[in-house]
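Coordinate inspection notes
Here is how the chains run, residue by residue.
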Amino acid sequence: MADNAFMNPQILTDTANKLVAAGKGLLAMDESTPTCNARFAKLNIPQTVESRRAYRELIVTTPGLGECISGAILCDETIRQQKKDGTLFLKVLTDACIISGIKVDAGAKDLAAHPGEKITEGLDGLRERLQEYFQMGARFAKWRAVIAIGEDIPSRSGLEANAHALARYAALCQESGLVPIVEPEVLMDGDHTLEQCRKVTEEVLRNVFIQLNCQRVLLEGMILKPNMVLPGLTCPTSATPDEVANTTVKSLWRTVPAAVPGIAFLSGGQPSELASARLNLMNVRFKGHLPWALSFSFARAIQQPALEIWRGWEINVGAAQAALLHRARCNRAARRGEYTAGMEKR
Ligand code: 13P
């Protein structure tokens, strides 16, 4: 493993373990400005810096959030933002015992000569940006690669390019003292079957770990953020929660080294309750038999109900925070294998 001035394997390992501590998970609130604006537009919320700030203030000041959330992923705009009273969000999170993380990729762009495939950009100047975020107080980072399933895709070269970029990012993070969240997302769009998603997910993860090893990434000091294995949104055959839980864990079992401390799923657009139910079932079935923690790093599956209540109105802040905390508590229960549909009847 690479030895350098900044990297401290023990600190990275400790941070990674804190991020997947029992009963806690990650809250992704790192939507880029265009993504956040698109979600606001659907609910007629003004698409301004101030609206985005007010919404993020609502999230970070939710009382009790630290009971269920170990880390929050911010974006560049948000890490510099403050509450109305001038307190930096970073401080609000630290006071709530929530570790701050930062999304550092520059988004997925078309991969040249590969119609339908994307490559995530953002490696240029990344070392300097990571050093700045560390100075500000961030202790982990996120980079998302996007893999679509379709006719003849993903290609081998597309998979390798994305895995290589993820590994270069992860090594740079560790050099700067940040735990990398490695997120290769196989998208739900399309009519592919559960079995096709399983094959692609396994191939993606195999490539990712080959590249992580090539780039000398410390596996103990990272978190994997994969998709659950699911049939495509327009697949005529649906999958039961049992099939999803079994297939997802089987794929991870085959591909993720035991040294990785935790796996924190993205929600990928699944309905919030279903995301909790599927995570719960995996923990009910397999907890105690797996080398890594099975956790969550949800954006929409935690935030969406709160956003729909808030709708940009100050008067709705308390109710929106209650909805956010409720979803965080449901996912805490799912980590423990204690989530029930009855929890949704509030
Ligand atoms: P979703 O949970 O909404 O898929 O978002 C997770 C995420 O961080 C995407 O990069």
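No experiment lies behind these values; they were computed from the predicted model shown. (Residues numbered from 1 in each chain as written. Predicted model: local features only at pLDDT ≥ 70, side-chain atom pairs only at ≥ 80, totals over all residues. Heavy atoms only, no water.)

**Topic: the layout of surface pockets**
The space that makes up the largest pocket amounts to roughly 590 Å³. The wall of the largest pocket is formed by 30 residues, among which Glu31, Thr35, Lys103, Lys142 and Arg144 lie closest to the centre. For the lining of the largest pocket, the leading source of residues is strand β6 (residues 140-147), giving three residues. Across the lining of the largest pocket, the residue classes tally to 10 nonpolar, seven polar and 13 charged. In this structure, the second largest pocket occupies an estimated 210 Å³ of space. Arg53, Ala54, Glu57, Glu314 and Val317 are the residues nearest the centre of the second largest pocket, which is lined by 13 residues in total. Mapped by element, the contributors of at least two residues to the lining of the second largest pocket are α3 (49-60) and α12 (317-336). Of the residues that constitute the lining of the second largest pocket, the class distribution is five nonpolar, three polar and five charged. (1 Å grid on protein atoms, 1.4 Å probe; cavity = no way out; pocket = protein on both sides within 12 Å on 5 of 7 lines; lining within 4 Å. Points joined across faces, edges and corners; volume = space filled by probe spheres on them. Helix = DSSP H or I, 4+ residues; strand = E, 2+ residues; numbered from the N terminus. Nonpolar A, V, L, I, M, F, W, Y, C, P; charged D, E, K, R; others polar.)

**What to know about the site of the ligand**
Near the ligand there are 13 residues, and of these Lys142, Lys225, Ser267, Gly268 and Arg300 occur at the shortest range. The separation between an oxygen atom of the ligand and a polar side-chain atom of Glu183 is 3.0 Å. Arg300 has a polar side-chain atom sitting 2.7 Å from an oxygen atom of the ligand. Protein chains shield 92% of the accessible area of the ligand, which is 300 Å² for the free molecule. Counting atoms within 2 Å of the grid points, the majority share of the ligand lands in the largest pocket. Each residue belonging to the shell around the ligand can be placed in one class, and the counts come to four nonpolar, three polar and six charged. (Near = heavy atom within 4 Å. Polar contact = N/O pair within 3.5 Å; in protein donor to acceptor, adjacent residues only side chain to side chain. Areas by Shrake-Rupley, 256 points an atom, 1.4 Å probe, with all protein chains shown as cover. Sits in = over half its atoms within 2 Å of the grid points.)

**Some points on the nonpolar core**
Counting 109 residues, the largest nonpolar core has Tyr169, Leu212 and Leu294 as its most contacted members. Top element by residues in this core is helix α7 (residues 156-175). It accounts for nine residues. Setting aside its immediate chain neighbours within four residues, Tyr169 contacts Val104, Leu123, Leu126, Ala141, Lys142, Trp143, Pro180, Ile181 and Val182. (Core = buried A, V, L, I, M, F, W, Y, C linked by side-chain atoms within 4.5 Å. Buried < 20%, exposed > 50% of the residue type's maximum accessible area, 1.4 Å probe, protein only. Contact = heavy atoms within 4.5 Å.)

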